[in-house]
Structures are given as C-alpha cells and as structure tokens.
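Each chain is listed here by its residues.
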Amino acid sequence: MGMSGYIMDVEEAYWDQVAEIIKDSEHVSEAMSRAVSLSKPMVPHLETEHVEDSVNEMWNDFWGNYL
C-alpha cells in the first residue's frame, strides 16, 4: 500500500469516528467541536471549514431520519 492508500484509510477511519460522534452528541455544535478536535492529530490536512461543513451535512442526514 502506498502513501495515498494509507491516507485514504486514515480518512475513512476518521469519518467513521465522526459518524459515531454525531450519534453521541446532543447538538451539532458539540459534534463539530469534537470532530475538529479529532481532525487535528488524525487528518491535519483537512481544513476546519471542510470538517464543519461535512459534520453539518452528516448531522442533517442522520438526525433528519428522526423527524
């Protein structure tokens, strides 16, 4: 596995953890904060704005099923 494969695996593991964070959070802002904190050591190449936008979208997708 090359470096790009490794990076893709790490990103996939990160987004899997973010999905769990969303399930466990009381509010989208809590999920965003936790996801941004996790991104710093795990996927530092991702921009904070990208993480926040993605969390917002994932939050709406997940919790929209319960409305």
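Provided above is the structure to which this section pertains.
Just so you know, these numbers come straight off a predicted model, no measurement behind them.

Draft legend 1. Representation of the pattern of salt bridges in the model. Going through the model one piece at a time under the given rule, you end up with two salt bridges. One salt bridge in this structure joins Lys23 and Glu20, with 3.2 Å as the shortest N-O distance. Note that Lys23 and Glu20 are positioned in helix α1 (residues 3–24) at a spacing of three residues, about one turn of the helix. Judged by its relative accessible area of 40%, Lys23 is partly exposed. The partner of Arg34 in a salt bridge is Glu30, and the shortest N-O contact between them spans 3.8 Å. With a gap of four residues between them, Arg34 and Glu30 both fall in helix α2 (residues 28–42), about one helical turn apart. Owing to a relative accessible area of 34%, Arg34 belongs among the partly exposed residues under this scheme.

Draft legend 2. Representation of the packing of α1 against helix α3 (residues 48–63). It is at 10 Å that the axes of α1 and α3 come closest, and there the two elements cross at 55°. When the interaxial angle is binned, α1 and α3 end up oblique. Judged by the sense of rotation from one axis to the other, the crossing of α1 with α3 is right-handed. Contacts between α1 and α3 pair Tyr14, Trp15, Val18, Ala19, Ile22 and Lys23 from the former with His50, Val51, Ser54, Val55, Met58, Trp59, Phe62 and Trp63 from the latter. Among the residues forming the contact of α1 with α3, the class breakdown is 11 nonpolar, two polar and one charged.

Calculation rules
- Residues numbered from 1 in each chain as written.
- Predicted model: local features only at pLDDT ≥ 70, side-chain atom pairs only at ≥ 80, totals over all residues.
- Heavy atoms only, no water.
- Salt bridge = Lys/Arg side-chain N within 4 Å of Asp/Glu carboxyl O.
- Helix = DSSP H or I, 4+ residues; strand = E, 2+ residues; numbered from the N terminus.
- Buried < 20%, exposed > 50% of the residue type's maximum accessible area, 1.4 Å probe, protein only.
- Axes fitted to C-alpha atoms, helices over the stretch in contact; angles between N-to-C directions.
- Parallel < 35°, antiparallel > 145°, perpendicular 65-115°, else oblique.
- Left-handed = near helix turned anticlockwise from the far one by under 90°.
- Contact = heavy atoms within 4.5 Å.
- Nonpolar A, V, L, I, M, F, W, Y, C, P; charged D, E, K, R; others polar.

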